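If you want the building blocks of each chain, they are given just below.
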Amino acid sequence: MAAEREELERHVRQLDALRERTPIKDPQAEQDTLVAVTKMMVALPSMTQNELSAEVRGEAFMAALDDVPAWAVRAAVRRWYRGECGKNAKGEAYDCHWCPAPAELRCIALAEMRPLNERLHAIEALLRAEPRREFNEEHRRSMCARLTELSMNLRTSLVGKTAAVGGSALADR
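Thresholds applied
Here the residue index of a chain counts from 1 through its sequence in written order. In keeping with the predicted nature of the model, local features appear solely for residues at pLDDT of at least 70, side-chain atom pairs appear and are counted solely at 80 or more, and the whole-chain, interface and lining totals rest on all residues. Derived side-chain values reflect all non-hydrogen atoms in the structure, with water molecules and hydrogen atoms excluded from consideration. pLDDT measures the predictor's confidence residue by residue and takes values from 0 up to 100. The helix count covers DSSP runs of H or I at least four residues long, the strand count covers runs of E at least two residues long, and both are numbered beginning at the N terminus. How far a helix is expected to stretch is found by multiplying one less than its residue total by 1.5 Å. Pairs of N or O atoms are called polar contacts if they sit within 3.5 Å, as long as, within protein, a hydrogen donor faces a hydrogen acceptor (for residues adjacent in sequence, only side-chain-to-side-chain pairs). Put simply, a patch holds well-exposed residues, over 30% relative accessible area, that have no salt bridge, with like charges counted together within 9 Å and Val, Leu, Ile, Met, Phe, Trp or Tyr side chains within 5 Å. Computed with the Shrake-Rupley method and a 1.4 Å probe, the accessible areas treat only the protein chains shown as cover for residues. Here a salt bridge means any side-chain nitrogen of Lys or Arg lying within 4 Å of a carboxyl oxygen belonging to Asp or Glu. Aromatic pairs are defined between Phe, Tyr and Trp rings, using the six-membered ring for Trp, whenever the two ring centres lie within 6.5 Å; interplanar angles under 30 degrees are classed as stacked, those over 60 as edge-to-face, and all others as tilted. Each residue gets one of three labels from its accessible area relative to the maximum for its type: buried under 20%, exposed over 50%, partly exposed in between, using a 1.4 Å probe on protein chains only.

This next bit is on the confidence of the model for the protein chain. Looking at the protein chain, pLDDT values average 88 and 88% of them are 70 or higher. Per-residue pLDDT, averaged within each element of the protein chain, yields its smallest value for helix α6 (residues 137–164) (83) and its largest for helix α4 (residues 70–82) (97).

This is the structure we're talking about:
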(Lines give C-alpha, C1' and ligand atoms only; values in the text may rest on other atoms or scores of the structure.)
Protein backbone atom coordinates (compact mmCIF):
# COMPACT_ATOMS: atom_id res chain seq x y z
CA MET A 1 0.00 0.00 0.00
CA ALA A 2 2.79 2.43 0.87
CA ALA A 3 4.63 1.62 -2.36
CA GLU A 4 1.53 2.40 -4.43
CA ARG A 5 1.03 5.67 -2.55
CA GLU A 6 4.66 6.66 -3.16
CA GLU A 7 4.29 5.86 -6.85
CA LEU A 8 1.12 7.96 -7.12
CA GLU A 9 2.80 10.85 -5.29
CA ARG A 10 5.78 10.61 -7.65
CA HIS A 11 3.41 10.66 -10.63
CA VAL A 12 1.65 13.77 -9.23
CA ARG A 13 5.03 15.52 -8.93
CA GLN A 14 5.85 14.63 -12.55
CA LEU A 15 2.49 15.88 -13.82
CA ASP A 16 2.85 19.06 -11.78
CA ALA A 17 6.30 19.61 -13.27
CA LEU A 18 4.85 19.28 -16.78
CA ARG A 19 2.09 21.72 -15.95
CA GLU A 20 4.42 24.25 -14.31
CA ARG A 21 7.04 24.42 -17.07
CA THR A 22 5.71 27.67 -18.54
CA PRO A 23 7.44 30.63 -20.21
CA ILE A 24 6.74 32.85 -17.23
CA LYS A 25 8.57 30.43 -14.88
CA ASP A 26 11.17 28.74 -17.08
CA PRO A 27 13.49 30.46 -19.60
CA GLN A 28 13.83 27.24 -21.63
CA ALA A 29 10.04 26.93 -21.88
CA GLU A 30 9.92 30.56 -23.03
CA GLN A 31 12.46 29.77 -25.75
CA ASP A 32 10.59 26.61 -26.80
CA THR A 33 7.29 28.50 -27.03
CA LEU A 34 8.87 31.33 -28.99
CA VAL A 35 10.37 28.86 -31.47
CA ALA A 36 7.02 27.07 -31.95
CA VAL A 37 5.14 30.35 -32.47
CA THR A 38 7.80 31.75 -34.82
CA LYS A 39 7.79 28.63 -36.99
CA MET A 40 4.01 28.75 -37.15
CA MET A 41 4.05 32.42 -38.14
CA VAL A 42 6.53 31.67 -40.93
CA ALA A 43 4.64 28.60 -42.13
CA LEU A 44 1.19 30.21 -42.03
CA PRO A 45 1.10 33.74 -43.31
CA SER A 46 -1.04 36.50 -42.06
CA MET A 47 -2.97 38.54 -44.61
CA THR A 48 -0.81 41.57 -43.87
CA GLN A 49 2.56 40.80 -42.38
CA ASN A 50 5.85 42.66 -42.48
CA GLU A 51 8.89 42.54 -40.22
CA LEU A 52 7.46 44.97 -37.66
CA SER A 53 4.05 43.31 -37.52
CA ALA A 54 5.68 39.89 -37.14
CA GLU A 55 7.58 41.11 -34.08
CA VAL A 56 4.48 42.66 -32.53
CA ARG A 57 2.41 39.54 -33.26
CA GLY A 58 5.14 37.42 -31.67
CA GLU A 59 4.89 39.54 -28.52
CA ALA A 60 1.12 39.16 -28.55
CA PHE A 61 1.46 35.36 -28.78
CA MET A 62 3.93 35.32 -25.90
CA ALA A 63 1.62 37.46 -23.76
CA ALA A 64 -1.26 35.06 -24.48
CA LEU A 65 0.83 31.94 -23.83
CA ASP A 66 3.16 32.94 -20.97
CA ASP A 67 1.36 30.70 -18.46
CA VAL A 68 0.86 27.74 -20.81
CA PRO A 69 3.47 24.95 -20.93
CA ALA A 70 5.57 24.84 -24.09
CA TRP A 71 4.56 21.22 -24.81
CA ALA A 72 0.89 22.26 -24.89
CA VAL A 73 1.68 25.13 -27.29
CA ARG A 74 3.58 22.76 -29.59
CA ALA A 75 0.65 20.33 -29.51
CA ALA A 76 -1.79 23.16 -30.28
CA VAL A 77 0.33 24.28 -33.24
CA ARG A 78 0.39 20.69 -34.50
CA ARG A 79 -3.40 20.46 -34.21
CA TRP A 80 -3.68 23.77 -36.11
CA TYR A 81 -1.45 22.46 -38.92
CA ARG A 82 -3.59 19.31 -39.13
CA GLY A 83 -6.87 21.20 -39.00
CA GLU A 84 -7.89 19.26 -35.89
CA CYS A 85 -8.61 22.19 -33.58
CA GLY A 86 -12.31 21.70 -33.21
CA LYS A 87 -14.55 24.74 -33.10
CA ASN A 88 -14.13 28.26 -31.80
CA ALA A 89 -16.28 29.95 -29.15
CA LYS A 90 -18.93 30.73 -31.78
CA GLY A 91 -19.21 27.03 -32.68
CA GLU A 92 -17.51 27.54 -36.04
CA ALA A 93 -14.58 25.53 -37.35
CA TYR A 94 -11.28 27.38 -37.17
CA ASP A 95 -9.89 28.60 -40.51
CA CYS A 96 -6.54 26.84 -40.48
CA HIS A 97 -5.37 28.43 -43.74
CA TRP A 98 -4.10 31.41 -41.77
CA CYS A 99 -2.15 31.94 -38.60
CA PRO A 100 -4.47 31.82 -35.56
CA ALA A 101 -5.05 34.74 -33.26
CA PRO A 102 -3.09 34.51 -29.99
CA ALA A 103 -6.27 33.90 -28.00
CA GLU A 104 -7.31 31.08 -30.35
CA LEU A 105 -3.98 29.32 -29.97
CA ARG A 106 -4.24 29.76 -26.20
CA CYS A 107 -7.68 28.09 -26.14
CA ILE A 108 -6.40 25.16 -28.18
CA ALA A 109 -3.30 24.80 -25.98
CA LEU A 110 -5.43 24.85 -22.82
CA ALA A 111 -7.61 22.13 -24.35
CA GLU A 112 -4.42 20.09 -24.80
CA MET A 113 -3.77 20.43 -21.06
CA ARG A 114 -7.24 19.24 -20.03
CA PRO A 115 -6.44 15.48 -19.95
CA LEU A 116 -3.34 16.11 -17.82
CA ASN A 117 -5.32 18.27 -15.39
CA GLU A 118 -8.13 15.70 -15.16
CA ARG A 119 -5.67 12.89 -14.48
CA LEU A 120 -3.89 14.99 -11.86
CA HIS A 121 -7.16 15.77 -10.05
CA ALA A 122 -8.21 12.10 -10.15
CA ILE A 123 -4.93 10.94 -8.62
CA GLU A 124 -5.04 13.66 -5.97
CA ALA A 125 -8.59 12.59 -5.05
CA LEU A 126 -7.40 9.00 -4.80
CA LEU A 127 -4.56 10.06 -2.51
CA ARG A 128 -7.04 11.89 -0.24
CA ALA A 129 -9.20 8.78 0.11
CA GLU A 130 -9.16 6.98 3.42
CA PRO A 131 -8.60 3.24 3.56
CA ARG A 132 -11.63 1.08 4.13
CA ARG A 133 -11.96 -0.16 7.69
CA GLU A 134 -13.20 -3.64 8.32
CA PHE A 135 -14.69 -4.43 11.72
CA ASN A 136 -15.11 -7.88 13.15
CA GLU A 137 -18.43 -9.25 14.41
CA GLU A 138 -17.56 -8.62 18.07
CA HIS A 139 -16.90 -4.94 17.36
CA ARG A 140 -20.16 -4.68 15.40
CA ARG A 141 -22.17 -6.16 18.31
CA SER A 142 -20.47 -3.78 20.75
CA MET A 143 -21.29 -0.77 18.55
CA CYS A 144 -24.93 -1.90 18.16
CA ALA A 145 -25.26 -2.23 21.95
CA ARG A 146 -23.76 1.25 22.48
CA LEU A 147 -26.10 2.72 19.87
CA THR A 148 -29.10 1.08 21.51
CA GLU A 149 -28.04 2.46 24.91
CA LEU A 150 -27.51 5.94 23.45
CA SER A 151 -30.91 5.81 21.78
CA MET A 152 -32.60 4.81 25.05
CA ASN A 153 -30.83 7.61 26.95
CA LEU A 154 -31.85 10.18 24.32
CA ARG A 155 -35.47 9.03 24.41
CA THR A 156 -35.53 9.16 28.19
CA SER A 157 -34.00 12.63 28.31
CA LEU A 158 -36.34 13.93 25.59
CA VAL A 159 -39.42 12.51 27.30
CA GLY A 160 -38.37 14.17 30.56
CA LYS A 161 -37.89 17.57 28.86
CA THR A 162 -41.16 17.26 26.98
CA ALA A 163 -43.10 16.45 30.14
CA ALA A 164 -41.49 19.39 32.00
CA VAL A 165 -42.72 21.95 29.46
CA GLY A 166 -46.28 20.77 29.18
CA GLY A 167 -45.95 17.94 26.69
CA SER A 168 -44.84 19.96 23.67
CA ALA A 169 -41.76 18.63 21.92
CA LEU A 170 -41.58 21.89 19.96
CA ALA A 171 -41.05 23.89 23.12
CA ASP A 172 -37.48 22.54 23.34
CA ARG A 173 -36.56 24.04 19.97
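Take helix α2 (residues 27–43) next. The terminal C-alpha atoms of α2, which comprises 17 residues, lie 24 Å apart, in line with the 24 Å expected from a rise of 1.5 Å per residue. Looking at where α2 begins, the residue whose side-chain oxygen comes 2.9 Å from the main-chain nitrogen of Gln28 is Asp26.

To continue, consider a nonpolar patch on the surface. A cluster of nonpolar side chains, contributed by Leu147, Leu150 and Leu154, occupies part of the molecular surface with about 300 Å² of accessible area. When you line up the elements, Leu154 lands in helix α6.

Time to look at the packing of aromatic side chains. Counted by the stated rule, this structure contains one aromatic pair. A centroid spacing of 5.4 Å and a plane angle of 55° characterise the contact between Trp80 and Tyr94, whose relative ring orientation is tilted. One end of the pair, Trp80, is in helix α4; the other, Tyr94, is in the loop between α4 and α5 (102–128), with 14 residues separating them in the sequence. Looking at Trp80, the relative accessible area reads 1%, which means it is buried.

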